[in-house]
Amino acid sequence: MGSNTLSIIFRTCLKPERLAKAELRLGSIPISQIVERCLRSLVASVNLALELEANLIINFTVLDDRSDPGFVRMYESMTSHLRCNHRIVQTSIPGQGESLHEQFSIAAEGEGLYYFCEDDYLHNVRAIFEMHKFYNQIYESSSHHCLIFPQEHEELYSRSYHPCYLILSPYRHWRSASNATHVFMTHSSVVRGFWNFFEPTKHVGTGAKRRQGSERRTTNRILEHLPGFAPIPGLAGHLQAEHLLPPFFDWRAIWEANAADEWDVKRAPIDEAD
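Residues numbered from 1 in each chain as written. Predicted model: local features only at pLDDT ≥ 70, side-chain atom pairs only at ≥ 80, totals over all residues. Heavy atoms only, no water.

(A) Representation of the nonpolar core. Residues Ile58, Phe60 and Tyr115 are the most contacted members of the largest nonpolar core, which totals 51 residues. If you list the elements that add at least two residues to this core, you get β1 (5-12), α2 (31-52), β4 (57-64), α3 (69-79), β6 (113-118), β7 (121-123), α5 (127-142) and α8 (251-257). Here this core takes ten residues from α2, the largest share from any one element. Setting aside its immediate chain neighbours within four residues, Ile58 contacts Leu6, Ile8, Val46, Ala49, Leu50, Cys84, Asn85 and Ile128. (Core = buried A, V, L, I, M, F, W, Y, C linked by side-chain atoms within 4.5 Å. Buried < 20%, exposed > 50% of the residue type's maximum accessible area, 1.4 Å probe, protein only. Helix = DSSP H or I, 4+ residues; strand = E, 2+ residues; numbered from the N terminus. Contact = heavy atoms within 4.5 Å.)

(B) Up close: unusual backbone geometry. At the junction of Ile232 and Pro233, the peptide bond is cis and its omega measures out at -10° in the coordinates. The residue Pro233 is located in the loop between β12 (228-232) and β13 (236-238) in this model. In this structure, Arg66 is a non-glycine residue whose phi angle is positive, near 60°. Of note, Arg66 is situated in the loop between β4 and α3. With a phi close to 60°, Ser143 is a non-glycine residue in the positive phi region. Within the element layout of this structure, Ser143 appears in the loop between α5 and β8 (147-148). Classification of Ser143 as exposed rests on a relative accessible area of 54%.

Below, the structure is given as structure tokens:
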């Protein structure tokens, strides 16, 4: 059977070095505002999943790489609305690769499903519910674990690859994926069983060795052994650049729904798939 225990690791970093770059996304949006709304959208998605699945148990961890105290207070305020166990943990060692490696290490020592999420992914309110349901659908029909991605990778629309499969869930289609990012859902046994593909992620952002930690050289290699799937339309969007967003993903509507004065964590808006 599939797993009804899901651990979510939200990996973030809003420390001076990152903020000093005055990084703007999607034209003119500061990275700090993007992280705030992305976390808001994920909290709402978690709460809806718990409402729709009575037997689902979720544990939520903010894995923070030394964000400024004001942003840590923001994390605390938002996660206080979660209807599940939650905590904020500072990374053991600073650095992008070290943070990435640490989240996978946590999963290798744990049990159940894990969703590894970066802080600039904006989630449809149904994302966690549908990702979890589809993971269990695949496992219960095949007795095999897999990788579930919240959005399709841009390369799926710029390169052809075969074979490509479409699978229907009760809510939407899912497309097989051979290329993705480090944001995905899988089982802890997958992390342990393929640890040699996770170990090099510590090199992300470390200069000369950074390519050794790339998705293509690490977690994408799991897709040579296990299936991976992405939803159509996407259930989340990477707010890094316009071209990284999946087709038919109305990120602006989700963005506005997660503004501070619009946000209703108790009953976030449900789209037409409900």
